[in-house]
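Inside the fold
Listed below are the residues making up each chain.
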Amino acid sequence: MTIKSYHVIDLPDGTTTDGQVDRRPDPTHFGLDGCPLMEGARVLDVGAFDGVWSFWAEKAGADYVLATDVEEVVKYDWGWHGAPASLQGERRDSSFHEIREVLGSKVDRKELTVYDIDPQEHGLFDLVVFYGLLYHLRHPLLAFDRLRAVCNGAVVVETHTSEMSQKVPFMLFYRDNVLANNPTNWCGPSEACVVHWMKDAGFDEVFFERAEKNPRPKRQRFIGTVDERWTEVFSKRPNFQRVTKAYLEEGRNRVLRLLDGDIEAWGP
């Protein structure tokens, strides 16, 4: 059987789906493979699409996994005038349901945007996965507020970031298909911007991915925790750096310098 999907997903017969992007190494990158906190955990996969993280979490021992996404393009995050006429009626169908059936999975699937997630209705989650979605949002800080409201453990984040100046908390705003000729791409935050958003949204500890290449990659991963047990897990990761008071103060000072007209504060 051949299943086409966006992500590469392992199937029971030892084959994989015919995917374009391989996220299978990512749990190891975060130190989540074999993590004892996954046993019996509640996991939320926001913007799950074909469910690569959802099915991994179930296999890793999670007791309940909720995968959320929307497939009708008109339900994406649009401005006052809504989706462009060229996208009306378009769907971004995934292979989630087909893969779930083949796996015999019990992952729950709900059609929700990140703004719809409610702790009263959907409960709290030990691990929240927020992958490849932030830059598609017009209200990214609101999204982090929503995630924090349902998180009682940790959130792992992957997003496009701007390379202009990683230590200045700023964001580029995209319109008219500026980024990758894609009208659903809205924002390009710097590393520091994502960090400051996560801290402001209430994540007690934040970690950012260390740059392994020069120039820096245009995508970056982050971690936020609200439970000391999860903080302990991620604090051991050599590929992530814990945000310190000095880091936050540097961002503040750079902003003050820029407000005074010192353009050299942008970088490196």
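Attention in this report is confined to the structure presented alongside it. Just so you know, these numbers come straight off a predicted model, no measurement behind them.

**Overview of the side chain of H160**
In this structure, H160 sits in strand 5 (residues 151–160). A polar contact is formed between the side chain of H160 and the side chain of Y174, at a distance of 2.9 Å. Polar side-chain contacts of H160 include one of 3.2 Å to the backbone oxygen of K218. Residues contacting H160, with those up to four places away along its chain left out, are Y135, Y174, L179, C187, G188, P189, K218 and R219.

**A few points about a nonpolar patch on the surface**
On the surface, M164, L172, I263 and W266 cluster together into a nonpolar patch covering about 390 Å² of accessible area. The class for W266 is partly exposed, based on a relative accessible area of 31%.

**Here's the deal with unusual backbone geometry**
Its identity is not glycine, yet F49 carries a phi of approximately 55°, on the positive side. Inspection of the secondary structure puts F49 in the loop between strand 1 (42–46) and helix 2 (52–59). Residue F49 is classed as buried on the basis of its relative accessible area, which comes to 11%. Positioned with a positive phi, N177 is a non-glycine residue whose angle comes to about 60°. When its relative accessible area of 33% is taken as the criterion, N177 is described as partly exposed.

**Details of the pattern of salt bridges**
One pass over the structure, following the stated rule, counts 22 salt bridges. A salt bridge links D26 to R23, with the nearest nitrogen and oxygen atoms 3.6 Å apart. Summarising the burial analysis for this pair, D26 and R23 share the class buried. With its nearest N and O atoms 2.8 Å apart, the salt bridge here joins E209 to R221. Taken together, the positions of E209 in strand 8 (residues 205–209) and R221 in strand 9 (residues 219–225) put the pair 12 residues apart, joining distant regions of the chain. For E209, a relative accessible area of 9% corresponds to the buried category. Through salt bridges with shared partners, a single network forms among R23, D26, E158, E209, R219 and R221.

Rules and cut-offs
Residues numbered from 1 in each chain as written. Predicted model: local features only at pLDDT ≥ 70, side-chain atom pairs only at ≥ 80, totals over all residues. Heavy atoms only, no water. Helix = DSSP H or I, 4+ residues; strand = E, 2+ residues; numbered from the N terminus. Polar contact = N/O pair within 3.5 Å; in protein donor to acceptor, adjacent residues only side chain to side chain. Contact = heavy atoms within 4.5 Å. Patch = residues over 30% accessible without salt bridge, like charges linked within 9 Å, V, L, I, M, F, W, Y side chains within 5 Å. Areas by Shrake-Rupley, 256 points an atom, 1.4 Å probe, with all protein chains shown as cover. Salt bridge = Lys/Arg side-chain N within 4 Å of Asp/Glu carboxyl O. Buried < 20%, exposed > 50% of the residue type's maximum accessible area, 1.4 Å probe, protein only.

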